[in-house]
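Coordinates in review
Letter by letter, the chains look like this.
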Amino acid sequence: MKRTGGQIVCECLLREGVDVLFGFPGGVVLPLYDTFPQYPQLRHILVRHEQGAAHAADGYARATGKVGVCVATSGPGATNLVTGIATAYLDSSPVVALTGQVATPFIGKDSFQEVDIVGITLPITKHNYLVERTEDLPQVFKEAFHIARTGRPGPVLIDLPKDVFTGEAQFSYPEHVSMRGYKPTLHGHPAQVEKAVKLLNEAKRPVIVAGRGVIVSHAFAELKELAEKAQIPVINTLLGISSFPESHVLSFGMLGMHGMAYANMAVSACDLLVAIGMRFDDRATGKVSAFAPHAQIVHIDVDPAEIGKNVRVNVPIVGDVKNVLAALNKRLVQQNRADWISQIDAWRRDHPSTVIRDTDKLLPQHVVRKIYEVTGGDATMVSDVGQNQMWTAQHFWYDKPNSLISSGGLGTMGFALPAAMGAKVGRPDETVWAVVGDGGFQMNIQELATLVQDNIGVKIAILNNGFLGMVRQWQELFHGRRYVGTHMTSPDYVKLAAAYGMPGYRVTAKEDAEMAIREAMAHQGPVLMEFVVESEENVYPMVAPGTALSEIIEEPVREVVA
Amino acid sequence: MKHTIVALVEDRPGCLNRVASLFRRRSFNIESLTVGHSEMPGLSRMTIVVDGATTIVEQVTKQLYKLIDVVKVSDITDDTSVHRELAMVKVHTTMNTRSEIIEIVDIFRANIVDVATDSLIVEVTGTADKIDSLLQLLRCFGIQEVARTGKIAMVRGMGGTAPAEREKPAPVRRIKASKLAAIS
């Protein structure tokens, strides 16, 4: 029996275990949408802007580890996905983006709503396809999902001309996929593992820097075993947070521009740095030439192109983190490094980094801390980008594996609300918080309507300081306090929540924060909360751009005004 | 130092675009790039020359490997290999200069592939240096057009750039003696 291209797309999605699509219809994808009623297993969530669909698919993918799927029509629908696809690409998130395209005879004619989305997304996808014949669909979908979820995950775009949806073909789904140009290395080379073991056994002051690769490969137990067996302090990159329980005695927080002072000190003093599933981003390393100056570096990553890209590496191990750590753990010798660990503990005592200054005012840090206290850490936190992102990373203790979702690589403002939406769809039984500034919130504010229509119970905490806070902080510190283009007004968020049809709270006093958070948690559906916080609060500690991790600027001591 | 990289890539629309886009985006400078069919159906062979002084060659090969359409990448700079480029040069001629040009062409073992009353086309194959030298000598006669292919390269002997699934020689068909007799 022949089926239409639209039906074949749905069949392929079901075969790949897809149960939800975030999308927005339009002219050329109508034949696809027309087949959705035949496939009630596929839940379609109508977003209010295609960027929201891409971020939601990304958030869903990060929360579940499954491939997130978004759909948009041709032309502007497709280009609106671009920021979301780039966000997923930079953070290695498995997303399949389906875009409609004008019918094949019209391609290249500047037809209505035609855009070369394959060309546009070339540098921000792991791979992409333009399907030219209906009968090619199963092979393309099989490859696309395989590429998206294996090796170093990433987004794959499939461009689907209208006549491919309406055309007919026999459907049979390939069982296996084999591409001669795509064979990720999953097991570390034994000789390299052996070299790493030798360095680990000999090191006096080793640290582990764990990145998102640990989360992607579900290597939580292996990382814990490695740290405990060899007694190595664990430091996280921003996206590596929640790969290792932060209440663990060997956990020493985040490194980098707004990392903990003691973490940056440990990295600067260590004699062996074991980098696991991370890529030496400039926000994490500071000045590269002064990064871990005394250390030999072991770099474990599934992507060979990351080895030696930004920093020199002594022992590279290409492979899936879970496999490589398991191989390492087998060969390791039990160690006792009490002196080194107590040294970092002493640095932590002297430079605590996460102490909130004593004040009666409502600080943004208080809000994050209160959410932590009220939830007991049992929540998925989705942050936006900027100061709110750093405070969410610093003032919540992540013990649950994979419980922080954030746009680290691309730093996409507007990410939190739609990504939290996707995360909540993927984790319906969990509390999902979106922590977002007044700037980023207004970038994808339209998705409030999606939350209400589909009753997606995201709790939104807007940290409203009336500024684009991180940019303002840089203007204060590096541009003589000239605040250009950073002061920003907001709508009345409580009225806005009412207008969209969800409860809204405004909190202006420190003592009211806890009660409001409790009320929001008690409510089943989405809730919007505005916290009117100190307007010129800065994120500390800080390593100024272009300086070494050891050059830490800590919070200046302020006079307490009674 | 100039590096010669050979990449075997899927013969699919847009593959050249993917490679070229990668070089641009990563700020790798291409000195020359040639593409053509390889010995294997469905695989094209690219020869890419990059300057090692401005581009980290290891990153070039690794980033190329990340492209799904790229099957095999080899940096053959350090291998003993044969490098060739083809050029066609249209040179202005007069009654007086034609024989002199032909002499030069003979020295370079180049060919004259077209002759007109006031010009001729020289076809020359060789290393880039050889072609540069010939151009240098022809310049004084008046070069009207130059077309160069860019370099192609191949490792000498058994060392090679073919992927693991190298094409096997076609089996030799043995014909039974009785059949042979029947045919004759």
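Conventions adopted
- Residues numbered from 1 in each chain as written.
- Chains lettered and ligands numbered in written order.
- Predicted model: local features only at pLDDT ≥ 70, side-chain atom pairs only at ≥ 80, totals over all residues.
- Heavy atoms only, no water.
- 1 Å grid on protein atoms, 1.4 Å probe; cavity = no way out; pocket = protein on both sides within 12 Å on 5 of 7 lines; lining within 4 Å.
- Points joined across faces, edges and corners; volume = space filled by probe spheres on them.
- Helix = DSSP H or I, 4+ residues; strand = E, 2+ residues; numbered from the N terminus.
- Nonpolar A, V, L, I, M, F, W, Y, C, P; charged D, E, K, R; others polar.
- Domains from an automatic or database assignment.
- Contact = heavy atoms within 4.5 Å.
- Buried area = accessible area lost by both parts, 1.4 Å probe.
- Salt bridge = Lys/Arg side-chain N within 4 Å of Asp/Glu carboxyl O.
- Polar contact = N/O pair within 3.5 Å; in protein donor to acceptor, adjacent residues only side chain to side chain.
- Patch = residues over 30% accessible without salt bridge, like charges linked within 9 Å, V, L, I, M, F, W, Y side chains within 5 Å.
- Areas by Shrake-Rupley, 256 points an atom, 1.4 Å probe, with all protein chains shown as cover.
- Buried < 20%, exposed > 50% of the residue type's maximum accessible area, 1.4 Å probe, protein only.
- Pairing = 2+ DSSP bridges.
- Axes fitted to C-alpha atoms, helices over the stretch in contact; angles between N-to-C directions.
- Parallel < 35°, antiparallel > 145°, perpendicular 65-115°, else oblique.
- Core = buried A, V, L, I, M, F, W, Y, C linked by side-chain atoms within 4.5 Å.
- Phe/Tyr/Trp six-rings, centres within 6.5 Å; stacked < 30°, edge-to-face > 60°.
- Lys NZ or Arg CZ within 6 Å of the ring centre and 35° of its normal.

1. Re the layout of surface pockets
Of the pockets and cavities examined, the second largest pocket occupies roughly 970 Å³. If you go around the second largest pocket, you meet 41 residues; those closest to its centre are A:Asp303, A:Ala305, B:Tyr65, B:Lys66 and B:Leu67. Elements supplying a minimum of two residues to the lining of the second largest pocket: helix 5 (82-90) of chain A together with helix 1 (15-25) and helix 2 (57-66) of chain B. Taken together, the residues that form the lining of the second largest pocket break down as 17 nonpolar, ten polar and 14 charged.

2. Notes on the domain arrangement of chain A
All names here are of chain A. With domains assigned, chain A is organised as domain 1 (2-170), domain 2 (190-350) and domain 3 (364-543). Placing the centre of domain 1 and that of domain 2 at their C-alpha centroids yields a distance of 37 Å. Taken together, the contact pairs eight residues of domain 1 with seven residues of domain 2. Of the roughly 660 Å² buried between domain 1 and domain 2, counting both surfaces, carbon and sulfur atoms make up 50%. Among the residues of domain 1 in contact with domain 2, Arg62, Asp91 and Arg152 are the three that bury the most area, contributing 63% of the side total. Here domain 1 is connected to domain 2 by two salt bridges. For the salt bridge of Arg152 with Glu306, the shortest nitrogen-to-oxygen distance reads 2.8 Å. Our count for the contact surface shared by domain 1 and domain 2 stands at four residue pairs in polar contact (both at pLDDT 80 or more). Tallied by class, the residues present in the side of domain 1 that touches domain 2 amount to two nonpolar, three polar and three charged.

3. Brief notes about a nonpolar patch on the surface
All names here are of chain B. A grouping of Leu86, Met88 and Val113 is seen on the molecular surface, where their side chains present a nonpolar patch of about 230 Å² in accessible area. Its place among the elements puts Met88 in strand 5 (residues 81-92). Exposure remark for Met88: the relative accessible area of 39% places this residue in the partly exposed category.

4. Looking at the sheet that holds strand 4 (residues 68-72) of chain A
Residue and element names in this part refer to chain A. Read across the sheet, six strands follow the order 3-2-4-5-7-6 without closing on themselves; strand pairing throughout is parallel. Looking along the sheet, the strands with just one partner apiece sit at the ends: strand 3 (43-46) and strand 6 (127-130). Direction aside, neighbouring strands of the sheet carry axes that sit 20° apart on average. Here strand 4 pairs with strand 5 (residues 95-101) via five bridges, running parallel. Looking across to strand 5, one finds that Cys70 is bridged to Ala97.

5. What about the domain arrangement of chain B?
One widely used convention gives an interface's size as the accessible area the parts lose upon coming together. Residue and element names in this part refer to chain B. Per the domain assignment, the segments of chain B are domain 1 (2-79) and domain 2 (82-152). Here domain 1 and domain 2 have C-alpha centroids that lie 29 Å from each other. Opposite the five residues of domain 1 that make contact, domain 2 presents five residues. Interface area for domain 1 against domain 2, summed over the two sides, is near 420 Å², with a carbon-plus-sulfur share of 59%. In terms of surface lost to domain 2, no three residues of domain 1 exceed Thr4, Thr34 and Thr47, which account for 65% of the buried area on that side. Summed over the shared surface of domain 1 and domain 2, the result is zero salt bridges. The interface formed by domain 1 and domain 2 contains two residue pairs in polar contact (both at pLDDT 80 or more). For the side of domain 1 that touches domain 2, the class distribution of residues is one nonpolar, four polar and no charged.

6. Concerning empty space enclosed by the protein
All names here are of chain A. All chains considered together, the criterion is met by two cavities of 30 Å³ or more. Quantified by volume, the largest cavity comes out at close to 60 Å³. What lines the largest cavity is simply Ser353, Val355, Ile356, Gln365, Trp391, Gln394, His395, Asn538, Val539, Tyr540 and Glu555. Along its surface, the second largest cavity is lined by Arg62, Arg212, Ile215, Leu239, Asn402, Leu404, Ile405 and Ser406.

7. Describing the packing of helix 3 (residues 50-64) of chain A against helix 5 of chain A
Residues and elements named next belong to chain A. The geometry of helix 3 relative to helix 5 is characterised by a closest axis approach of 7 Å and an angle of 25° between their N-to-C directions. By the angle between their directions, the pair helix 3 and helix 5 is classed as roughly parallel. Within the contact between the two elements, helix 3 uses Gln51, Ala54, His55, Asp58 and Arg62 and helix 5 uses Thr83, Gly84, Ile85, Thr87 and Ala88.

8. Some points on the sheet that holds strand 14 (residues 315-318) of chain A
Residues and elements named next belong to chain A. On the basis of which strands lie adjacent, the open sheet formed by six strands has the order 11-10-9-12-13-14 and parallel pairing. Each end of this open sheet is capped by a strand with a single partner; those strands are strand 11 (251-254) and strand 14. Neighbour to neighbour, the strand axes of the sheet diverge by 15° on average, direction disregarded. Inspection of the sheet shows strand 9 (residues 206-210) paired to strand 12 (residues 272-276) by five bridges, in the parallel sense.

9. Description of the nonpolar core
Residue and element names in this part refer to chain A. By size, the foremost hydrophobic cluster in this structure holds 58 residues, and its most contacted members are Ile208, Leu273, Ile276, Phe291 and Ile300. If sequence neighbours within four positions are ignored, Leu273 has contacts with Val207, Val209, Val267, Phe280, Phe291, Ala292, Ala295, Gln296, Ile297 and Val298. In this structure, Ile85, Val118, Ala423 and Leu448 belong to the second largest nonpolar core, which totals 50 residues.

10. Re the packing of aromatic side chains
Residue and element names in this part refer to chain A. Applying the stated criterion to the full structure yields 13 aromatic pairs over all chains. On the numbers, 6.5 Å between centres and 25° between planes, the contact of Phe141 with Phe145 is stacked. Of this pair, Phe141 and Phe145 both sit in helix 7 (residues 137-149), four residues apart, roughly one helical turn. Judged by its relative accessible area of 0%, Phe145 is buried. Taking 5.1 Å as the distance between ring centres and 75° as the angle between the ring planes, the aromatic pair formed by Tyr372 and Phe396 counts as edge-to-face. Of the two residues, Tyr372 sits in helix 16 (residues 364-375) while Phe396 sits in the loop between helix 17 (387-394) and strand 16 (404-405), which places them 24 residues apart along the sequence. Assessed through its relative accessible area of 22%, Tyr372 is described here as partly exposed. The rings of Tyr372, Phe396, Trp397 and Tyr398 are connected pair by pair, giving a single aromatic cluster. Stacked on the ring of Tyr262, the Lys or Arg Arg348 has its end atom at 5.5 Å from the ring centre. A cation over an aromatic ring shows up here: Arg472 above the ring of Phe467, its NZ or CZ 5.7 Å from the ring centre.

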